[in-house]
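# Summary of the model geometry
Read off the chains here:
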Amino acid sequence: MKDPRPIFKQVRDGLKKLIICGILKPDEKIPSVREMAQNLAINPNTIQKAYRDLEAEGYVYQVTGKGTFVASTEPGENSEKIEQLLLEVLKLARELIYLGISKEEIVAAVESL
């Protein structure tokens, strides 16, 4: 089935997933906008928008003349984002409980990470 999300969001989320899963390591260079656009056969402006979003979210950083790199994170950094994501987790946990999943099953799922 075709993904209804805009292409830049698909690219952004795909790269974010690779970073979160540790496939792309901190300070690793990611393909240039031009390279990525050619590889995916997508307009470079679309890739640039995805990269800008990732930079604004703190997942990548740019070095002028050198390219875009995966950002590293320090514990306690990004407290606003952490708080936002924890609220999202709580919301999802409440919904799962409403749908009949026990707290123990939720905890087990989280611990399996």
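Each remark here, short or long, concerns the structure printed above.
Residues numbered from 1 in each chain as written. Predicted model: local features only at pLDDT ≥ 70, side-chain atom pairs only at ≥ 80, totals over all residues. Heavy atoms only, no water.

## Examining unusual backbone geometry
Phi angles above zero are rare outside glycine, and D27 is one such case at about 70°. One can find D27 in the loop between α1 (7-20) and β1 (29-30). Judged by its relative accessible area of 48%, D27 falls in the partly exposed class. One non-glycine residue, A41, lies in positive phi territory at about 55°. Locating A41 in the fold gives a position in the loop between α2 (33-40) and α3 (44-56). (Helix = DSSP H or I, 4+ residues; strand = E, 2+ residues; numbered from the N terminus. Buried < 20%, exposed > 50% of the residue type's maximum accessible area, 1.4 Å probe, protein only.)

## Quick look at the pattern of salt bridges
Counted under the stated rule, the structure contains five salt bridges. The shortest N-O distance in the salt bridge between D3 and R5 comes to 2.7 Å. Residue E57 pairs with K16 through a salt bridge whose shortest N-O separation is 2.6 Å. With E57 in the loop between α3 and β2 (60-63) and K16 in helix α1, the pair connects residues that are 41 residues apart, well separated along the chain. K16 sits in the buried class, given a relative accessible area of 15%. Residues joined by salt bridges that share partners form a network here, namely D3, R5, R12, D13 and D53. (Salt bridge = Lys/Arg side-chain N within 4 Å of Asp/Glu carboxyl O.)

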